[in-house]
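Residues per chain are reported as follows:
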Amino acid sequence: MLRQYTQATAPDGQPFRVFSLTNHNGMQIRLMDWGASWLSCQVPVGGQLREMLLGCRLQDYPTQQAYLGATIGRYANRIGGARFRLNGETVKLTANQGRHQLHGGRGFYQLRWQVEKCGENFVRFCHFSAHGDQGFPGNVRVGVTYRLSEDNAVSIEFDAVADRDTPLNLTNHAYFNLNDAENGMDIRAHSLQLNADYFLPVDGDGIPNAPLKAVRYSSFDFTDEKPIGLDFMQEEQHITKGYDHAFLLNGPPDKPCAILTALDRSATLQVFTSQPALQVYSGNFLGATPRRDGGHYADYAGIALETQALPDTPNHPEWWRFGGISKAGRPYRHWTRFRFSC
């Protein structure tokens, strides 16, 4: 079932458009045209609806700094030095994190998307990004479709096409907490399993500073389920105050790349994707992020499981085979499916 309504006022002077999708099990998600954002995910647990997503009041979305539930582009994650070389030319981007660019600069998350179409179980948003937007080459038309299925899964489908070769790496930046997303109990009590044998070391700015590294015998080994906090702040983690690293996925896409389990094992989230990598961010700097009740989250209140290409790929041609560079006229398509069970 689809419901639509408007509420509060966005920076462009128009109200936010909010969409609510409900399946036959009673699971409900809310979406918004500002940032093509995923606002809420309420799943039946023990006869009651439980919020699984961190979120804030509508009027706080344009100013919050955590990218809560937003669509990220043109390039998710970081591009070192806010520049790269492509087709023999140096491209200079708009820097927004020191001298680097994060999540596309003033990217897709701070814009009103157009509602192209919607139905009983889906909403599709679209956006046009002009040549030179945040320094990126080429005109790009982007679409994102959210679907709610009867097996309590949320699918996010990205599609785009550019008229020039350009970096393109789209993701959603939802933060999950399967026990208490409203207040944000410490996510390190959850358990996590990843279908990944390699991760990417980074420096203090989150820029890759070494080749892909095997997870085996390290604190980054989640090939077997373990509590997130078990090996916390060990090895490379101390540089980033926790996990904020990309993991190269093994595939295939019909196998979960990540399984997140609540502390009391009352709920589980399985993540499936066509993307080559997963950025695991343990909410290391969530402190002071606004909540829905007007309060604030603390650090480690939620975990982001961002399916995407590897960070800084434009500066690493050896990773181009994993995606991240879109060819002119060639369609970009990726999907991610978040399936909840209780």
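Okay, so let's go over this structure. (Residues numbered from 1 in each chain as written. Predicted model: local features only at pLDDT ≥ 70, side-chain atom pairs only at ≥ 80, totals over all residues. Heavy atoms only, no water.)

1. Side note on the overall build of the protein
Stage number 1. Along the backbone of the protein there are one helix and 28 strands.
Stage number 2. A globule of 342 residues ought to have a C-alpha radius of gyration of about 20 Å, and the protein, at 19 Å, matches this closely.
Stage number 3. Every one of the 342 residues in the protein was classed for burial, and the buried ones make up 59%.
Stage number 4. Sequence separation of at least 24 residues holds for 65% of the intrachain contacts in the protein that already meet a minimum separation of 6.
Stage number 5. Element-wise, carbon and sulfur atoms account for 48% of the exposed surface of the protein, whose accessible area totals about 13400 Å².
Stage number 6. Looking at the protein, you have 33 positive and 34 negative side-chain charges, and the mean spots of the two groups are 5 Å apart. (Helix = DSSP H or I, 4+ residues; strand = E, 2+ residues; numbered from the N terminus. Rg over C-alpha atoms; globule rule 2.2 N^0.38 Å. Buried < 20%, exposed > 50% of the residue type's maximum accessible area, 1.4 Å probe, protein only. Contact = heavy atoms within 4.5 Å. Areas by Shrake-Rupley, 256 points an atom, 1.4 Å probe, with all protein chains shown as cover. Lys, Arg positive; Asp, Glu negative; His and termini not counted. Charge placed at Lys NZ, Arg CZ, Asp CG, Glu CD.)

2. Some points on the pattern of salt bridges
Stage number 1. The final tally for this structure, using the stated rule, is 17 salt bridges.
Stage number 2. A salt bridge links D60 to R57, with the shortest nitrogen-to-oxygen separation between them at 3.0 Å.
Stage number 3. We classify R57 as partly exposed; its relative accessible area is 36%.
Stage number 4. Ionic pairing is found between D231 and K226, a salt bridge with its closest N-O pair at 2.6 Å. Across this residue pair, the class does not change: D231 and K226 are buried. (Salt bridge = Lys/Arg side-chain N within 4 Å of Asp/Glu carboxyl O.)

3. Describing the pairing of strand β14 (residues 153-162)
Stage number 1. Among the ten residues in β14, seven count as buried, and that is most of the element.
Stage number 2. Direction of pairing for strand β13 (residues 140-148) relative to β14: antiparallel, over a ladder of nine bridges. What sits directly across from L148, in β14, is V154.
Stage number 3. Joining the antiparallel neighbours β13 and β14 is a turn of four residues, in which N152 adopts a positive phi near 60°. (Pairing = 2+ DSSP bridges.)

4. Some words on the sheet that holds strand β2 (residues 15-22)
Strand-to-strand pairing in sheets goes through backbone hydrogen bonds, with the strands running parallel or antiparallel.
Stage number 1. Spatially, β1-β2-β3-β4-β5 is the arrangement adopted by the five strands of the open sheet, whose pairing is antiparallel. On the outer flanks of this sheet lie β1 (2-9) and β5 (48-51), each paired with one strand and no other. Across this sheet, the average inter-strand angle for adjacent strands is 25°, counted without regard to direction.
Stage number 2. As paired elements, strand β4 (residues 37-45) and β5 share four bridges and run antiparallel to each other. Bridge pairing in β5 links Q42 to E51. (Axes fitted to C-alpha atoms, helices over the stretch in contact; angles between N-to-C directions.)

5. A word on the pairing of β13
Stage number 1. In terms of residue burial, β13 counts as a mostly covered element, since seven of its nine residues are buried.
Stage number 2. Two elements, strand β12 (residues 122-129) and β13, share eight bridges in a ladder whose sense is antiparallel. Bridging from a neighbouring strand, C126 pairs with G143 of β13.

6. Description of the sheet that holds strand β23 (residues 258-261)
Stage number 1. Ordered by their spatial adjacency, nine strands build an open sheet running β11-β12-β13-β14-β28-β24-β23-β18-β21, and the pairing between neighbours is antiparallel. The open sheet has two edge strands with one neighbour each: β11 (114-118) and β21 (226-227).

7. Some thoughts on the side chain of D312
Stage number 1. As for its placement among the helices and strands, D312 is situated in the loop between β26 (303-308) and β27 (325-326).
Stage number 2. Of the side chains with opposite charge, R99 comes closest to the buried, unpaired D312, at an N-O distance of 9.0 Å.
Stage number 3. One polar contact links the side chain of D312 to the main-chain amide nitrogen of G80, over a distance of 2.9 Å.
Stage number 4. There is a polar contact of 2.7 Å between the side chain of D312 and the side chain of N315.
Stage number 5. Look past the residues within four positions of D312 in its chain and what remains in contact with it is Y75, R78, I79, G80, I207 and P208. (Polar contact = N/O pair within 3.5 Å; in protein donor to acceptor, adjacent residues only side chain to side chain.)

These figures come from the coordinates and say nothing about function on their own.
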